Amino acid sequence: MESDLDFHSAKALLEWQIEMGATEAICETPINRYEVPKTAPKPKPKAEAAPLEKVAGPDPVADAQALAAGADTLEALAEAQAAYSHCDLKQGARNFVFSDGQPGARIMVIGEAPGRDEDLQGKPFVGRAGQLLDQMMAAIDHDRAGAERPVYITNILPWRPPQNRDPKPEEIAMMMPFVERHVELAKPDLLILMGNISCLALMGRKGITRLRGKWVEVLGKPAMPMFHPAYLLRNPAAKREAWHDLLMVQEKLRA
Ligand code: URA
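Keep in mind that this is a model prediction, so the values were computed, not measured. (Residues numbered from 1 in each chain as written. Predicted model: local features only at pLDDT ≥ 70, side-chain atom pairs only at ≥ 80, totals over all residues. Heavy atoms only, no water.)

So, about the overall build of the protein chain. When you go through the protein chain residue by residue, the secondary structure sums to twelve helices and six strands. Here the protein chain, with 255 residues, has 39% of them falling under the buried criterion. In the protein chain, of all internal contacts separated by at least 6 residues, the share reaching a separation of at least 24 is 71%. Total accessible area on the protein chain is roughly 15,700 Å²; 53% of this is exposed by carbon and sulfur atoms. (Helix = DSSP H or I, 4+ residues; strand = E, 2+ residues; numbered from the N terminus. Buried < 20%, exposed > 50% of the residue type's maximum accessible area, 1.4 Å probe, protein only. Contact = heavy atoms within 4.5 Å. Areas by Shrake-Rupley, 256 points an atom, 1.4 Å probe, with all protein chains shown as cover.)

Quick look at the structure:
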């Protein structure tokens, strides 16, 4: 198809559309959705009142609970969660992002949701925030790839929300059965809750500035709420508190 746009303008326009969340080119020729149809559509006959269970629809949380409970290994859990179809975020994401690092590691980091880089690579915390997370773990001698003192990393949501918006309460609720089972199967000694969304999902509370630096119990494990690395990139002065919290984690592991 001929176009008045030069190569660079067309590329810039395409990149802008991708950044705005467009994931698919639907067809080659544009559709005028404002065109008045030549023949008026016939009114649809009124649907008969549906029985109550049809109106209420399936229960996404109950479905997630059943799927998660049926998974006996991390591989089975990843498969079950990837196949879960009630969460609309799945439609807009390029990849399902389950975990990285070593299952069975003593530290399990739980972040919020994949961002652009994670969505592209299908792995959690691989962008700039992820690089800082790796440095933070290295500061206490841990390493997601390491055999000796490994880390295991996941997120509350496995699919990237459009434009990195905050997850909706119903999206978090649907994913919680998977997160809970994930912790059970990964068997860490302690959890690090990275940022407000992770605290909201697992503690029912937000306000990381007040929550950070104090041990809480989550899913039967000691959990340390910490500033999210993305926040630390924007507020480097808060790295002092993050360092304090990391030392508390190290001390707990040694105890
Ligand atoms: N932020 C998160 O919370 N998780 C990621 O995987 C990447 C950025």
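Any empty space left between the atoms is revealed when a probe the size of a water molecule rolls over them. Put simply, the largest pocket is a space of about 740 Å³. What lines the largest pocket is a set of 29 residues, and nearest its centre among them are E112, H228, A230, Y231 and R234. At the level of elements, helix 6 (116-121), helix 7 (128-139), helix 9 (195-203) and helix 11 (229-234) are the ones that each hand at least two residues to the lining of the largest pocket. Taken together, the residues that form the lining of the largest pocket break down as twelve nonpolar, eight polar and nine charged. (1 Å grid on protein atoms, 1.4 Å probe; cavity = no way out; pocket = protein on both sides within 12 Å on 5 of 7 lines; lining within 4 Å. Points joined across faces, edges and corners; volume = space filled by probe spheres on them. Nonpolar A, V, L, I, M, F, W, Y, C, P; charged D, E, K, R; others polar.)

It is worth spelling out the nonpolar core at this point. Grouped together as the largest cluster of nonpolar side chains are 61 residues, with contacts concentrated most on I107, V109, I156 and I192. With nine residues, the top contributor of residues to this core is helix 8 (residues 169-186). (Core = buried A, V, L, I, M, F, W, Y, C linked by side-chain atoms within 4.5 Å.)

Here we take up empty space enclosed by the protein. For the coordinates displayed, the defined rule picks out one cavity of 30 Å³ or more. Considered as a void within the structure, the largest cavity measures approximately 50 Å³ in volume. When residues of the lining of the largest cavity are traced back to their parent elements, those giving at least two are strand 3 (151-155) and helix 8. Take the lining of the largest cavity: its biggest share by element is three residues, from helix 8. For the lining of the largest cavity, the per-class residue count stands at seven nonpolar, four polar and no charged.

Turning our eyes to something else, we now look at helix 9. In terms of burial, helix 9 is a largely internal element, seven of the nine residues being buried. Taken as a whole, helix 9 has its buried residues at G195, I197, S198, C199, A201, L202 and M203.

Turning next to the side chain of R212. Looking at where R212 falls in the secondary structure, it is placed in the loop between helix 10 (208-211) and strand 5 (216-218). Leave out the neighbours within four places in its chain, and R212 touches P225, M226, F227, E241, H244 and D245.

It is worth spelling out the site of the ligand at this point. Taken together, G111, E112, A113, E118, P124, F125, N155 and H228 make up all the residues around the ligand. For the ligand, a nitrogen atom lies 3.1 Å from a polar atom in the backbone of A113. Contact distances for the ligand include 2.7 Å between an oxygen atom and a side-chain N or O atom of H228. Coverage of the ligand by the protein chains reaches 91% of its 230 Å² of free accessible surface. Of the pockets mapped on this structure, the ligand occupies the largest pocket. Of the residues belonging to the shell around the ligand, the class tally is three nonpolar, three polar and two charged. (Near = heavy atom within 4 Å. Polar contact = N/O pair within 3.5 Å; in protein donor to acceptor, adjacent residues only side chain to side chain. Sits in = over half its atoms within 2 Å of the grid points.)

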